[in-house]
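# What the coordinates show
Here is what each chain is made of, one letter per residue.
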Amino acid sequence: AEMKTPPGMCGSLLLLLLLQLQGVRIDGYRPVVIVHGILDGPKEFKTLSGYITKVHPGTKVSVISVDNYSYSVKPLWTQVRDFGKAIGPIMKKAPNGIHLLCFSQGGLICRALLSTMPDHNVHNFISLSSPLAGQYGDTNYLNRYFPDYIKTAVFKICYLRFWQKVSICQYWNDPHHRSLYLQKNNFLPKLNGETFHSDMQAWRKSFLRINKLVLIGGPDDGVITPWQSSHFGFYDSNENIVEMRKQEYYRNDAFGLKTLDARGDVSTCIHSGVVHVQWHSNFTVFQSCMQKWLT
Ligand SMILES: *[C@@H]1O[C@H](CO)[C@@H](O)[C@H](O)[C@H]1NC(C)=O
Ligand SMILES: *[C@@H]1O[C@H](CO)[C@@H](O)[C@H](O)[C@H]1NC(C)=O
């Protein structure tokens, strides 16, 4: 039996128009792909997935589970390949593109993916408290792997070839050993275009396919050090913060950051009172920094 008389042609069009005026996507929200951080996995992102489907019902959210927990210290280039294999098919099924929401170390994996996947269809890329400019500081994570070392000595092992197979070492950025970092770190200097390589132009072009870059982080993070690394700022050799727009890689547009910014497509969001593992589970942060980019 018919439950209700369908509205006439004009009525339907009017309804669609009204929905669209209210910011509801008639053709559905773009799928959201979540990439976890170091020593975590799908379990930690249940809350965030719930937030997304609550505010945007019907959104398909995929939390990629590869290289989870103890596997997350694997070499980053291997992880980039693993995540690419998992995310590629999701992209193919999304004619309007996907959003990529990446936490902590995952933000670096996502950036590397965006740079090396020339046909990606990522619309908005949200980087949630990621060490985008590197890490220099003692953290709980670090102490687990280097219990006897303090930050000033980590370079002695991290910049050895063997340890460049451990993810944390691949974004360890010791501002007092800049030339060693540039020579021995096989991941971050390349990604940030701090060392010249032949793929630079292609990577920049590929990265610039995104519509928006959203950078989220804050001073009470407690893990990302300096916390400004979540916004592409970092220490100089005196451990003073040099902000994004004054960084060499920004000024020479080494990987497209300056172009994105000039386009008006870098959105930054800073919150205090949020510790590292809370970024993905804080509704205030979600509402003010992420929601509007996930349509
Ligand atoms: C965790 O990651 C490993 C390595 O990528 C994978 O083999 C395993 O299936 C993952 N576990 C879950 C529950 O997804
Ligand atoms: C959530 O975010 C708000 C706004 O930044 C902050 O004041 C609050 O302390 C956070 N709560 C938790 C549990 O992280």
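Residues numbered from 1 in each chain as written. Chains lettered and ligands numbered in written order. Predicted model: local features only at pLDDT ≥ 70, side-chain atom pairs only at ≥ 80, totals over all residues. Heavy atoms only, no water.

## Remarks on the overall build of the protein
Helices and strands together make up the secondary structure of the protein, namely 12 helices and 8 strands. Among the 295 residues that make up the protein, the fraction classed as buried is 53%. Contacts spanning at least 24 positions in sequence make up 69% of the contacts within the protein whose residues lie at least 6 apart. A total accessible area of about 13,900 Å² is found for the protein, and carbon and sulfur atoms account for 55% of it. (Helix = DSSP H or I, 4+ residues; strand = E, 2+ residues; numbered from the N terminus. Buried < 20%, exposed > 50% of the residue type's maximum accessible area, 1.4 Å probe, protein only. Contact = heavy atoms within 4.5 Å. Areas by Shrake-Rupley, 256 points an atom, 1.4 Å probe, with all protein chains shown as cover.)

## Some details on the state of the cysteines
Under the defined criterion, the tally for this structure stands at 3 disulfides. A sulfur-sulfur distance of 2.0 Å marks the disulfide that ties Cys102 to Cys110. Between Cys102 and Cys110, the S-S dihedral sits near -90°, and the bridge is therefore left-handed. Taking relative accessible area as the criterion, Cys102 reaches 0% and is therefore assigned buried. Disulfide pairing is shown between Cys158 and Cys169; the S-S distance is 2.1 Å. An S-S torsion of about -70° defines the bridge between Cys158 and Cys169 as left-handed. Taken together, the residues span a long stretch of sequence, with Cys158 in helix α6 (residues 151-158) and Cys169 in the loop between α6 and α7 (178-184) at a distance of 11 residues. The residues Cys158 and Cys169 share a single accessibility class, namely buried. When the cysteines of the protein that form disulfides are numbered from the N-terminus onward, they connect as 1-2, 3-4, 5-6. (Disulfide = S-S within 2.5 Å.)

## So, helix α2 (residues 46-55)
Along α2, the residues classified as buried are Leu48, Ser49, Tyr51 and Ile52. Angularly, the buried residues of α2 cover 155° about the axis, an arc narrow enough to put them on a single face. What points out from α2, more than 90 degrees from its buried face, is the exposed set Lys46 and Lys54. Packing partners of the buried residues in α2 comprise β1 (32-35), β2 (61-64), β3 (98-103) and α12 (283-290). (Arc of directions from axis to C-beta.)

## Thoughts on empty space enclosed by the protein
Within this structure, the stated rule accounts for 2 cavities of 30 Å³ or more. The computed volume of the second largest cavity comes to approximately 40 Å³. If you go around the second largest cavity, the residues you meet are Lys190, Leu191, Gly193, His197, Met200, Trp203, Arg204, Ala254 and Phe255. Ranked by residues supplied to the lining of the second largest cavity, first place goes to helix α9 (residues 200-207) with 3 residues. When grouped by side-chain class, the residues that make up the lining of the second largest cavity number 5 nonpolar, 2 polar and 2 charged. (1 Å grid on protein atoms, 1.4 Å probe; cavity = no way out; pocket = protein on both sides within 12 Å on 5 of 7 lines; lining within 4 Å. Points joined across faces, edges and corners; volume = space filled by probe spheres on them. Nonpolar A, V, L, I, M, F, W, Y, C, P; charged D, E, K, R; others polar.)

## Points about the nonpolar core
Ile87, Leu100, Phe125, Leu213, Phe232 and Leu257 are the most contacted members of the largest nonpolar core, which has 58 residues in total. Once residues lying within four places of it in the same chain are set aside, the contact partners of Leu257 are Leu213, Phe232, Met244, Tyr249, Tyr250 and Val266. (Core = buried A, V, L, I, M, F, W, Y, C linked by side-chain atoms within 4.5 Å.)

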